[in-house]
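Here is what each chain is made of, one letter per residue.
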Amino acid sequence: MSTPGSVAPAKPRVFPANPLRAAIGMFFFLAVLWLIEAADQFVFGGALDQDGIEPRQVDGLAGIIWAPLLHAGWAHLIANSLPFFILGFLVLAGGFGQFLAVTALIWLLGGFLTWLTGGFGVTIGASGVIFGWLAFLLFHGFFARSGRQIALAVVLLLLYGGVLWGILPGTPGVSWQAHLFGALSGVLAARLVASADRRTARRSPPTGPVSPSPIGP
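Residues numbered from 1 in each chain as written. Predicted model: local features only at pLDDT ≥ 70, side-chain atom pairs only at ≥ 80, totals over all residues. Heavy atoms only, no water.

Student: I'd like a rundown of the overall build of the chain, residues and numbers included.
Tutor: Within the chain, the secondary structure is distributed over 7 helices and 0 strands. Reading the secondary structure of the chain in the N-to-C direction produces α-α-α-α-α-α-α. Relative to all contacts within the chain whose residues are 6 or more apart in sequence, the contacts with residues 24 or more apart total 80%. (Helix = DSSP H or I, 4+ residues; strand = E, 2+ residues; numbered from the N terminus. Contact = heavy atoms within 4.5 Å.)

Student: Tell me about the packing of aromatic side chains, and please be specific about residues and values.
Tutor: Within this structure, the stated rule accounts for 11 aromatic pairs. When the ring of Phe96 is compared with that of Phe99, the centres are 6.2 Å apart and the planes differ by 20°; the resulting orientation is stacked. On the criterion of helical spacing, the pair formed by Phe96 and Phe99 is a turn pair, its members being 3 residues apart in helix α4 (residues 96-117). Classification of Phe96 as partly exposed rests on a relative accessible area of 48%. Note on Phe99: relative accessible area 4%, which makes it buried. Of the aromatic side chains, those joined through ring pairs into one cluster are Phe28, Phe29, Phe84, Phe96, Phe99 and Trp133. (Phe/Tyr/Trp six-rings, centres within 6.5 Å; stacked < 30°, edge-to-face > 60°. Buried < 20%, exposed > 50% of the residue type's maximum accessible area, 1.4 Å probe, protein only.)

Student: Pulling in residues and values, what's your account of a nonpolar patch on the surface?
Tutor: Together, Val58, Leu61, Phe112 and Leu116 make up an exposed nonpolar region whose accessible area comes to about 350 Å². When you line up the elements, Phe112 lands in helix α4. The class of Phe112 is partly exposed, set by a relative accessible area of 35%. (Patch = residues over 30% accessible without salt bridge, like charges linked within 9 Å, V, L, I, M, F, W, Y side chains within 5 Å. Areas by Shrake-Rupley, 256 points an atom, 1.4 Å probe, with all protein chains shown as cover. Salt bridge = Lys/Arg side-chain N within 4 Å of Asp/Glu carboxyl O.)

Student: An account of helix α1 (residues 19-42) is requested, with residue identities and associated values reported.
Tutor: Taking 1.5 Å per residue, 24 residues should reach 34 Å; α1 reaches 34 Å between its end C-alpha atoms and fits that length. Taken as a whole, α1 has its buried residues at Ala22, Ala23, Met26, Leu30, Leu33, Glu37 and Asp40. As for α1, its buried residues are in contact with α3 (74-91), α4 and α5 (127-144). (Expected span 1.5 Å × (residues − 1).)

Student: Tell me about the side chain of Thr114, residues and numbers included.
Tutor: Of note, Thr114 is situated in helix α4. The buried category is assigned to Thr114, whose relative accessible area is 2%. At 2.8 Å, the side chain of Thr114 and the backbone oxygen of Gly110 are in polar contact. In contact with Thr114, not counting residues within four places along its chain, are Ile53, Pro55, Thr123, Ser175, Gln177, Ala178 and Phe181. (Polar contact = N/O pair within 3.5 Å; in protein donor to acceptor, adjacent residues only side chain to side chain.)

Student: Quick rundown of the nonpolar core? Include the residues and the values.
Tutor: The biggest cluster of nonpolar side chains holds 33 residues, and the ones touching the most others in it are Trp133 and Leu156. Looking at this core, the elements that each hand over two or more residues are α1, α3, α4, α5, α6 (147-160) and α7 (176-203). When neighbours within four sequence positions are excluded, Leu156 is seen to be in contact with Leu87, Leu90, Leu134, Leu137, Leu138 and Gly161. (Core = buried A, V, L, I, M, F, W, Y, C linked by side-chain atoms within 4.5 Å.)

Student: Break down the packing of α4 against α5 for me, citing the residues and quoting the values.
Tutor: Two elements in contact, α4 and α5, have axes separated by 9 Å at closest approach and are oriented at 125°. It follows from the interaxial angle that α4 and α5 lie oblique. Our pair here, α4 against α5, has a crossing hand that is right-handed. From α4, Gln98, Phe99, Val102, Thr103, Ile106 and Trp107 reach across to α5, where they touch Gly128, Val129, Gly132, Trp133 and Phe136. For the contact of α4 with α5, a count of residues per class yields 7 nonpolar, 4 polar and no charged. (Axes fitted to C-alpha atoms, helices over the stretch in contact; angles between N-to-C directions. Parallel < 35°, antiparallel > 145°, perpendicular 65-115°, else oblique. Left-handed = near helix turned anticlockwise from the far one by under 90°. Nonpolar A, V, L, I, M, F, W, Y, C, P; charged D, E, K, R; others polar.)

Right, here's the structure in full:
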């Protein structure tokens, strides 16, 4: 219960404030991935796939930026498209600025740790970002103590929980490091966002009735 003059922390949103705008934004981001794959297939003959993360090679550091934009063929891109759209749409519930910050942390930190620890070969694909978004959504509700977001996490766990096995080694040709470090970066992002929200709530001006000041002697 809030006392007069206290600040009630804002409840995290489950869906974007403007769902249509968020959906159009995610369609745009997804279209970029499809256009890049089309260019790779029909213009560059698949050569762009070599621009991904090449572990522990200085030249491979640039792949941290490019890897989530590249896919090893249409089947790879199709498999990533639906979770990319759904999870990105849900992350947009926190606003575009938060979406950019969360995505940048997952993209860069997860990519760097993949570069640092990955196996042989070049890592490409948006799945590291997708795992990061999923982990962010799964943990943010607990860090923010939001019942609605915890309920969302339960639903997402039922729908996508099986993919979390992808953080473990064992599937040939799949970079489990990208999945693992993308997910861990998403957990870190959830923690940082929840902490930032609490600090913002404490700095916000009090809401509710204000006690009158005494007048006169």
